[in-house]
Amino acid sequence: MYVPPNYMPPRIDPKEPNVTYPTDSIRTTFESADKNGDGKLSKTEVKEAFAKLGAFCPDYRAWKARRHADANHDGFISLDEELKELVNYTQKQGYKAK
C-alpha cells in the first residue's frame, strides 16, 4: 500500500464519542438501505449503508461484506437469510457513532 511521504493520519479528538454502533442500529441501517423493497440488498445499497456508518472506503467495505455474507453467491444480501452475517461482519469492524 502506497502512503505519500507527507501523509499525516487524522487526529482523534478525545472529546468525540467513542461508542460503537449497537447491533440494532447496524441492522436498521441495512434494512433501511433496501430502497426498492425487494428484500435484498444490492452492491449499491450495501455501499450506501456503509457510507452512512462512516466507512472510510464504502466501495471496498461493501465488496468485503458481500463476499463474507452472501452465502448463496447471487450477488445480493437477503434480508431474511443473510442479514445476520452482514451485521456480525459490520459489528466486528468497530464503526463508531458520531
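The structure displayed is predicted, hence computed values, not measured ones. (Residues numbered from 1 in each chain as written. Predicted model: local features only at pLDDT ≥ 70, side-chain atom pairs only at ≥ 80, totals over all residues. Heavy atoms only, no water.)

1. Observations concerning the UniProt feature "domain: EF-hand" (unreviewed entry) in the protein chain
Mapped onto the present numbering, the UniProt feature "domain: EF-hand" (unreviewed entry) falls on residues 21-56. Secondary structure content for residues 21-56 is 58% helix and 6% strand, while the C-alpha to C-alpha distance between its ends is 16 Å. (UniProt positions renumbered as here; feature names shortened; annotations may be inferred. Helix = DSSP H or I, 4+ residues; strand = E, 2+ residues; numbered from the N terminus.)

2. Concerning the nonpolar core
Among the nonpolar cores identified, the biggest contains 20 residues, and F30, L41, V46, F50 and L86 are the most heavily contacted of them. Contributions of two or more residues to this core are made by α1 (23-32), α2 (43-53), α3 (58-69) and α4 (83-93). Ignoring anything within four residues of it in the chain, the contact list for L41 reads F30, A33, D34, V46, G75, F76, I77, L79 and L86. (Core = buried A, V, L, I, M, F, W, Y, C linked by side-chain atoms within 4.5 Å. Buried < 20%, exposed > 50% of the residue type's maximum accessible area, 1.4 Å probe, protein only. Contact = heavy atoms within 4.5 Å.)

3. Remarks on unusual backbone geometry
Backbone geometry places H73, a non-glycine residue, at a positive phi of 55°. The exposure class of H73 is exposed, given its relative accessible area of 67%.

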